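The chain contents come next:
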Amino acid sequence: MLDPTLPDVAKDLSDLKTAVGDLPTALNIVWTLITGFLVMFMQAGFALVETGLCRKKNAAHVMAMNLLVYGIGVVGFWAVGFAIQMGGVGALATFGNDSTLSHEFTLAIGGKEYGLFGMKGFFLTFANYTPAVAALFLFQMVFMDTAATIPTGAMAERWKFISFCIFSVVISTVIYPVYANWTWGGGWLATMGKNLGLGHGHVDFAGSSVVHMTGGVMSLVGAKVLGARIGKFNKDGSPNPIPAHNIPMAVLGTLILAFGWFGFNPGSTLAATDTRISIVAVNTMLASASGAVAAGIYVWRRYGKPDPTWLANGMLAGLVAITAPCAFVGAPSSILIGAVAGVLVVVAAQVVERTLKVDDPVGAIAVHGVNGAWGVIALGLFANGSYGEGWNGVDGKVTGLFFGDGKQLFAECIGVMANVAYVGAMTWGALFIIGKLVGNRVSAEDEMEGLDVPEMGVHAYPDDVGTTTAAKEPEKELAADDLTSAQPAPGE
Amino acid sequence: MLDPTLPDVAKDLSDLKTAVGDLPTALNIVWTLITGFLVMFMQAGFALVETGLCRKKNAAHVMAMNLLVYGIGVVGFWAVGFAIQMGGVGALATFGNDSTLSHEFTLAIGGKEYGLFGMKGFFLTFANYTPAVAALFLFQMVFMDTAATIPTGAMAERWKFISFCIFSVVISTVIYPVYANWTWGGGWLATMGKNLGLGHGHVDFAGSSVVHMTGGVMSLVGAKVLGARIGKFNKDGSPNPIPAHNIPMAVLGTLILAFGWFGFNPGSTLAATDTRISIVAVNTMLASASGAVAAGIYVWRRYGKPDPTWLANGMLAGLVAITAPCAFVGAPSSILIGAVAGVLVVVAAQVVERTLKVDDPVGAIAVHGVNGAWGVIALGLFANGSYGEGWNGVDGKVTGLFFGDGKQLFAECIGVMANVAYVGAMTWGALFIIGKLVGNRVSAEDEMEGLDVPEMGVHAYPDDVGTTTAAKEPEKELAADDLTSAQPAPGE
Amino acid sequence: MLDPTLPDVAKDLSDLKTAVGDLPTALNIVWTLITGFLVMFMQAGFALVETGLCRKKNAAHVMAMNLLVYGIGVVGFWAVGFAIQMGGVGALATFGNDSTLSHEFTLAIGGKEYGLFGMKGFFLTFANYTPAVAALFLFQMVFMDTAATIPTGAMAERWKFISFCIFSVVISTVIYPVYANWTWGGGWLATMGKNLGLGHGHVDFAGSSVVHMTGGVMSLVGAKVLGARIGKFNKDGSPNPIPAHNIPMAVLGTLILAFGWFGFNPGSTLAATDTRISIVAVNTMLASASGAVAAGIYVWRRYGKPDPTWLANGMLAGLVAITAPCAFVGAPSSILIGAVAGVLVVVAAQVVERTLKVDDPVGAIAVHGVNGAWGVIALGLFANGSYGEGWNGVDGKVTGLFFGDGKQLFAECIGVMANVAYVGAMTWGALFIIGKLVGNRVSAEDEMEGLDVPEMGVHAYPDDVGTTTAAKEPEKELAADDLTSAQPAPGE
């Protein structure tokens, strides 16, 4: 005898399965969006750190770059970059319910496919524009923006605004998306594990290499191409200090960045149903703290005072370094990774300035470039085999040298070298062409005056013009003869 | 034979249904709260943008208005405003488990009911104070606050603090809630679709008209009633520029607003189970970007320099414009809507100043008023019929002129006209009465000195008093004879 | 006859139960993390409020303390503090799946156990480091940090940096965790209800006593130990005002704190499945508003001007006061609690300065200490019996004096007295020892010059050196002879 209630049960169960099935999707979209918003807010942090560490006379220029890089970046990534990054065998195909994973442009070597870039999803045209794809776009977009805003610090105080604008288009459409495709979009760095047996391929959880090294390498090449600020180096090659104009601004920016990083790293699961997010968050916190403390102790002992700009850069260095390994390591390792980063950033900044003779006003090369490399290498050392089952299609969990898998470290090093080579070459090429077209550097006269009026048409702090004392700056700030430009102030 | 396990299955299933049934509620409350918190944080963005764009001598006054408008607004909306807005046929009735949808004060015309305001929920007294109602209150409250804080910019640098306080009470209890009831609380603008066949009635997803136009129209009338700042216009009617005192502050505020807007627009679903939220977020991002880029290109070409205040106002204009249509349009339309807004804001600001001779220190009329109107009109043009099934009780999805429904555009225009007429008249009336009672404008002497000491009793930057050079301001800043007021500093 | 589909149904149901069972955990972790991030962001708010209310010449010093207290605090709490706070009968045992609730060090009196501190979880070593424990650690950590950053305001402008560093270690490892264990970790204040019949024991929903009183009491003792700033008091004991150097900075900080408080209070459920979160959020909002409004009205009437620093401190006072009772009271009570706080903070600051002759540059004692006490007392008065079933193992809901349970108020008062006695004694003892070791106060010469260069090696605003006019400060600011320290600026 068939129980009469059974059909109801089966129907109810089916309905309930549908209801439950939608909830993880909704929860994961909420998580991806909110953490993406936090990453977007890091743009404010970068704006403050970079502007605070530069001089008053360039404050409007640095701020404007940090504002507009977001605008330009969104447009470029929407039109082109997203398709190049994720439009191949990566997540777009999956999220877009597209079972043909064949939109990646690949090279076949020895019978194996090595992906170079995606080819689907330009302009987010209608068919692809589902909620899941939109969430993915937003999250990837703010990561790209983070990389794009890093050179505005290293190249500040002498970069022509028009050159900055064009270069930002290149970053958002080509430079960043291609390397991101290689690591996160199913490209050849990701498949090195499967294809060549190198651990899980180049693994970078939240972007020590993809985002930060890319920003740092662009900074190094860009600062080198532009040359040092007038007055930075003496004729004998020794450097002069050029003080930050607003320490509270820089510290506020650092705290905003540390806040936003809680989106950056934990959000990179793209899923709240993966409860690893809380371990990622705590590891991020631990490394930021030990980075600040270690940098503080190191500069205090070495230079006599715990300079707050180094406390800030130490915290940022710890954050950059933990970004790749945050999901794969334990708490004590996180403390150690951050502490190394805190010392490394100080030493690296010295090398950049004194050995390489490169002028980086905010320390971006040391913070993002050097510690970005340290981050992926740290993953290759400290990954403890507790997470990352099946990552990049390779069985088992991600494991570093100290826990038994030296090949993982090797894969990380290949990722570092590929970044330096590809991003470095692209940056140099792009700036070379832009330089020919419109010039990369402002005139010496504009640089002496400060870039705000010549480039942007406004003073950052009009009431303070003339209060800058010559003693504190190698060059004298010229008074603007024509403060009242033809441009209206808002509402005028 | 009855299977003995079946009763257990039925019981288990029933329990599970209960468990699952609560999860969407919890998730939606989380979403509504967190996005509401982000909107509240926009208060900091407004404070910074408005203060940064004004002069140093009024900085404490502008900041204090932006802080206190939140306090006054919460109290007024708690006591009265929320009940007027949502205490009728709108969401309060639903959330409050009240099946009698009859607390709306309506006019009956031609056998149909036209709602004017709600009448239930004053003071959030006990019976109504459920979690769902509390979440709704919080979200609606911060939207009201956004409208309320807009006039503090347009009327800055000459508005008497006591007049501001009283007017803020009027906004939060009457001006905003009534128009919000018409559109979001089940009032006559919402039911135009059902009653008169005009599309889905006046549709405004997240407040281009309800919040921003309301703020912009109050700004226009308020700035007109107050009159221009001393020195703004010459005797021949030509305007003088009055430079922003702190560009980094204004840019930081803009980035905070762009961050908070990710709460404003996506949060307006009030539900994370509606995964449209991620498309809303991306459309918001796209329009903010194209607004900044378009404004930048336009002012660069027209005035010679990419003034950062216009980059900022362009981004804000794009955000205001996409606020109404963000859920209903595609990605390319969002780019276009933002780009139009970016140009429109510059042109509109010129018209306000040169044609209307109205002095708006921060550009609030152009940003929020003009682009608020553009936002709802853009919905009437670009809504592509992909979302909004059953909106305002009308079958089918929301569709604009370019996709086949010209009546929707007509409904949007009625909403715009109603806003101008109602909000304009109420603002004029309220300021007229307040002016009779306590006066709206500070004395010329206080205005010349700066409002900080006469009105607030403190200098914003006491160390900088006297550093303002006369050359950069039409009027001379007077030194405060009696800096040390009777008031204690904190801790004194 | 067994229905052949039944086993499938049972299997499906079992699978579904598992799937559903994980979702609440994921949702609650998301909630705890995101609200924890918001609390971490309050560090930026404190940094801005404290720096804004101090003088320009100490701005880098105050900012650096606010940055480094987070770094030091994380390391100390990771190594020791968390285990002491939560490693006993509290949540760690539960979250860690450890059924033996016996890691609390207890005193047995009259046959009952009174817990003093936990003893498990040092260094977050591997076995304990689950997602749930990590989320709990993060949330408790940022609460500890909030307490730790409060004294940096009250002791600002004369506190030696090395003393601050050591004291912060003591806070994060001992002072805070022990009292937090007593209230939130299963210690004797929590079990007073069960053991002694005093209501539900000392109940503090989100930390009016655990966080804010602890910070306030440390501030009082610390400011007393350090003594007043040079020039603060005249020989006859009358105080001199020392103006805040940057009002917009202080107001921005206040708005950031009010934003972060939406993490602080609602997050303290540690669960989004408890939809009480939205009522907690609204009560928090209401009290912050009535605090600002009440303080504004009070100072306006009493001193003639609505000083923005008092609007800010009034808002903060309302927030501190509602922190303990926010989950247990109704909306009108929240308005009342905040309004009392807004007046109380002004009166208390006067008492601190004029009666106790203690110099608190930012008003931390009045805001956090006095209103922290008012918060837990308000819970003992206004808790309306609508929430807290089974809290601290006591049947029934939490109910205050006005709703019938005077014993609850008594338990709150014991918590207040225990805080004053324990935190006060520990602070005094720690500072006594630190003073012997390295000294607590900077030299008079350094204080006169400003702490930035002597202590930190940088000027906060190097371009503004020398612009401070003597008239506005009791002591003259000395010019730094040696601006260019041996330390490199970032990138140098």
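Residues numbered from 1 in each chain as written. Chains lettered and ligands numbered in written order. Predicted model: local features only at pLDDT ≥ 70, side-chain atom pairs only at ≥ 80, totals over all residues. Heavy atoms only, no water.

Some points on the overall build of chain A
Of the regular secondary structure elements, chain A holds 16 helices and two strands. Here the C-alpha atoms of chain A give a radius of gyration of 24 Å, agreeing with the 23 Å that 2.2 N^0.38 yields for 492 residues. In chain A, buried positions account for 68% of the 492 residues. Sequence separation of 24 or more characterises 78% of the internal contacts of chain A that already satisfy a separation of 6 or more. (Helix = DSSP H or I, 4+ residues; strand = E, 2+ residues; numbered from the N terminus. Rg over C-alpha atoms; globule rule 2.2 N^0.38 Å. Buried < 20%, exposed > 50% of the residue type's maximum accessible area, 1.4 Å probe, protein only. Contact = heavy atoms within 4.5 Å.)

Re the relation of the copies chain B and chain C
Think of it as a corkscrew move, a rotation about one axis and a shift along it, taking one chain copy to the other. The two copies are related by a screw operation: chain B maps onto chain C through 120° of rotation and 0.0 Å of translation along the axis, at an RMSD of 0.0 Å. What the rotation and shift describe, once combined, is the action of a three-fold rotation axis. Comparing contact sets, just 16% of the residues at the interface of chain B also lie at the interface in chain C, consistent with a heterologous contact between different surfaces. (Least-squares fit on C-alpha atoms with pLDDT ≥ 70 in both.)

Brief notes about helix α6 (residues 161-184) of chain B
Residues and elements named next belong to chain B. Of all the bends in α6, the greatest, near 50°, is centred on Ile-171. Buried residues dominate α6, accounting for 18 of its 24 residues. A positive phi of about 90° marks Gly-186, the residue just after α6. (Bend = angle between axes of the 7 residues up to and from the residue.)

Examining the interface of chain B and chain A
Counting residues at the interface gives 80 residues for chain B and 77 residues for chain A. Taken together, both faces of the contact between chain B and chain A bury some 6500 Å²; the carbon and sulfur share is 78%. Remark: the boundary between chain B and chain A carries one salt bridge. Breaking the side of chain B that touches chain A down by element, the ones donating at least two residues are α1 (6-53), α9 (247-264), α10 (277-303), α11 (308-323) and α12 (331-355) of chain B. At 15 residues, α10 of chain B tops the list of elements feeding residues into the side of chain B that touches chain A. Its residues placed into classes, the side of chain B that touches chain A shows 53 nonpolar, 18 polar and nine charged. (Buried area = accessible area lost by both parts, 1.4 Å probe. Salt bridge = Lys/Arg side-chain N within 4 Å of Asp/Glu carboxyl O. Nonpolar A, V, L, I, M, F, W, Y, C, P; charged D, E, K, R; others polar.)

Notes on α11 of chain B
Here α11 of chain B contains 16 residues, and its C-alpha end-to-end distance of 23 Å stays within 8% of the 22 Å for a straight helix at 1.5 Å per residue. Most of α11 of chain B is tucked away, with 16 of its 16 residues classed as buried. (Expected span 1.5 Å × (residues − 1).)

Some points on the pairing of strand β1 (residues 104-109) of chain B
All names here are of chain B. Of the strand pairs in this sheet, β1 and strand β2 (residues 112-118) are connected by six bridges, and their pairing is antiparallel. Note that in β2 the partner of Thr-106 across the bridge is Gly-115. In this structure, the hairpin formed by β1 and β2 is closed by a connection of two residues, where Gly-110 is found at a positive phi of approximately 60°. (Pairing = 2+ DSSP bridges.)

Brief notes about the relation of the copies chain B and chain A
With an RMSD of 0.0 Å, the fit of chain B onto chain A corresponds to turning through 120° and sliding 0.0 Å along the axis. Mapped onto chain A, only 15% of the interface residues of chain B are again interface residues, and the two copies thus contact each other with different surfaces.

A few points about the packing of α11 of chain B against α12 of chain B
Residue and element names in this part refer to chain B. Packing of α11 against α12 leaves a shortest axis separation of 8 Å and a crossing angle of 125°. Between α11 and α12, the interaxial angle falls into the category oblique. Considering the relative orientation of α11 and α12, their crossing is right-handed. Between α11 and α12, the contacting residues are Trp-310, Asn-313, Gly-314, Ala-317, Gly-318, Ala-321 and Ile-322 on the first element and Ser-334, Ile-337, Gly-338, Ala-341, Gly-342, Val-345, Val-346 and Ala-349 on the second. The residue inventory of the contact of α11 with α12, partitioned by class, reads nine nonpolar, six polar and no charged. (Axes fitted to C-alpha atoms, helices over the stretch in contact; angles between N-to-C directions. Parallel < 35°, antiparallel > 145°, perpendicular 65-115°, else oblique. Left-handed = near helix turned anticlockwise from the far one by under 90°.)

So, the interface of chain B and chain C
On the side of chain C, 80 residues touch chain B, which itself brings 77 residues to the contact. Of the roughly 6500 Å² buried between chain B and chain C, counting both surfaces, carbon and sulfur atoms make up 79%. Between Lys-17 of chain C and Asp-12 of chain B there is a salt bridge whose closest N-O contact spans 2.8 Å. Linking chain B with chain C are six residue pairs in polar contact (both at pLDDT 80 or more). Elements represented by at least two residues in the side of chain B that touches chain C include exactly α1, α2 (59-86), α4 (131-149), α6, α9 and α16 (452-456) of chain B. Broken down by element, the side of chain B that touches chain C gets its largest block of residues, 23 residues, from α1 of chain B. Residue composition of the side of chain B that touches chain C, grouped by class: 61 nonpolar, 10 polar and six charged. (Polar contact = N/O pair within 3.5 Å; in protein donor to acceptor, adjacent residues only side chain to side chain.)

Examining the nonpolar core
Note that soluble globular proteins tend to have their nonpolar side chains buried in a common cluster. Core analysis: the biggest nonpolar cluster contains 498 residues, and Phe-137 of chain A, Phe-137 of chain B together with Phe-137 of chain C have the highest contact counts within it. Beyond its immediate chain neighbours, meaning those up to four positions away, Phe-137 of chain A contacts Phe-77, Trp-78, Phe-82 and Leu-124 of chain A together with Val-282, Met-285 and Leu-286 of chain B. (Core = buried A, V, L, I, M, F, W, Y, C linked by side-chain atoms within 4.5 Å.)

Overview of the pattern of salt bridges
Any two side chains of opposite charge can pair, given that their charged atoms come close. Residues and elements named next belong to chain A. All told, the structure shown has 21 salt bridges over all chains when counted by the stated rule. Notably, a salt bridge pairs Lys-11 with Asp-15, separated by 2.9 Å at the nearest N-O pair. Of this pair, Lys-11 and Asp-15 both sit in helix α1 (residues 6-53), four residues apart, which is roughly one turn of that helix. In this structure, the salt-bridge partner of Arg-229 is Asp-359, at a minimum N-O distance of 2.8 Å. Of this pair, Arg-229 sits in the loop between α8 (208-226) and α9 (247-264) while Asp-359 sits in the loop between α12 (331-355) and α13 (364-382), placing them 130 residues apart in sequence.

Some details on the environment of Thr-269 of chain A
All names here are of chain A. Counting through the fold element by element, Thr-269 comes out in the loop between α9 and α10 (277-303). In sequence terms Thr-269 and Asn-283 are 14 residues apart; their C-alpha atoms lie 14 Å from each other. Excluding residues within four positions of it along the chain, Thr-269 makes contact with Trp-31, Phe-205, Asp-274, Ile-277 and Tyr-387. There is a polar contact of 2.8 Å between the side chain of Thr-269 and the backbone oxygen of Ala-271.

Looking at a nonpolar patch on the surface
Residues and elements named next belong to chain A. A cluster of nonpolar side chains, Val-225, Trp-428, Phe-432, Ile-433 and Leu-437, forms an exposed patch at the surface whose accessible area comes to about 520 Å². At four residues, helix α14 (residues 406-437) tops the list of elements feeding residues into the nonpolar patch. By secondary structure assignment, the location of Leu-437 is in helix α14. (Patch = residues over 30% accessible without salt bridge, like charges linked within 9 Å, V, L, I, M, F, W, Y side chains within 5 Å. Areas by Shrake-Rupley, 256 points an atom, 1.4 Å probe, with all protein chains shown as cover.)

Observations regarding the packing of aromatic side chains
In this structure the tally under the stated criterion is 84 aromatic pairs over all chains. Where Phe-205 of chain C meets Tyr-387 of chain C, the ring centres are 6.4 Å apart and the plane angle is 70°; that geometry is what we call edge-to-face. With Phe-205 of chain C in the loop between α7 (188-196) and α8 (208-226) and Tyr-387 of chain C in the loop between α13 (364-382) and α14 (406-438), this pair connects stretches of sequence that are 182 residues apart. For the pair Phe-205 of chain C and Tyr-387 of chain C, one class covers both residues: buried. Of the aromatic side chains, those joined through ring pairs into one cluster are Phe-41 and Phe-259 of chain A, Phe-41 and Phe-259 of chain B together with Phe-41 and Phe-259 of chain C. (Phe/Tyr/Trp six-rings, centres within 6.5 Å; stacked < 30°, edge-to-face > 60°.)

What about the confidence of the model for chain A?
Here chain A averages 91 in pLDDT, while 90% of its residues score no lower than 70. For this predicted complex, the interface confidence reaches an ipTM of 0.93, while the overall pTM sits at 0.94. (pLDDT = per-residue confidence, 0-100.)

Some words on the packing of α10 of chain A against helix α4 (residues 131-149) of chain C
In contact at an axis separation of 8 Å, α10 of chain A and α4 of chain C are set at 40° when each is read in the N-to-C sense. Classified by the interaxial angle, the pair formed by α10 of chain A and α4 of chain C is oblique. The handedness of the crossing between α10 of chain A and α4 of chain C comes out as left-handed. Contacts between α10 of chain A and α4 of chain C pair Ser-278, Ile-279, Ala-281, Val-282, Met-285 and Leu-286 of chain A from the former with Pro-131, Ala-132, Ala-134, Ala-135, Phe-137, Leu-138, Met-141 and Val-142 of chain C from the latter. Its residues assigned to classes, the contact of α10 of chain A with α4 of chain C shows 13 nonpolar, one polar and no charged.

Details of the side chain of Thr-35 of chain A
Residue and element names in this part refer to chain A. Mapping Thr-35 onto the fold places it in helix α1. We classify Thr-35 as buried; its relative accessible area is 1%. When neighbours within four sequence positions are excluded, Thr-35 is seen to be in contact with Phe-139, Phe-262, Gly-263 and Gly-267.

Regarding the environment of Ala-180 of chain A
Residues and elements named next belong to chain A. Examined against the element boundaries, Ala-180 turns out to sit in helix α6 (residues 161-184). Judged by its relative accessible area of 0%, Ala-180 falls in the buried class. Sequence-wise, Ala-180 and Gly-81 are 99 residues apart; in three dimensions their C-alpha atoms are separated by 9.9 Å. Other than its neighbours up to four places away in sequence, Ala-180 contacts Gln-85, Gly-185 and Val-210.

Remarks on the state of the cysteines
Disulfides are covalent bonds that link the sulfur atoms of two cysteine residues. The final tally for this structure, using the stated rule, is zero disulfides over all chains. Free of any disulfide, Cys-326 of chain B has its nearest neighbouring cysteine sulfur in Cys-413 of chain B, separated by 19 Å. In this structure Cys-326 of chain B comes out as buried when scored by relative accessible area, which is 0%. Cys-54 of chain C forms no disulfide, and the closest cysteine sulfur to it belongs to Cys-165 of chain C, at a distance of 17 Å. Judged by its relative accessible area of 1%, Cys-54 of chain C falls in the buried class. (Disulfide = S-S within 2.5 Å.)

Considerations on the environment of Asp-236 of chain C
All names here are of chain C. Along the chain, the position of Asp-236 falls in the loop between α8 and α9 (247-264). Along the chain, Asp-236 and Gly-457 lie 221 residues apart, while their C-alpha atoms are 36 Å from each other. Of the polar contacts made by the side chain of Asp-236, one reaches the side chain of Ser-238; its length is 2.6 Å.

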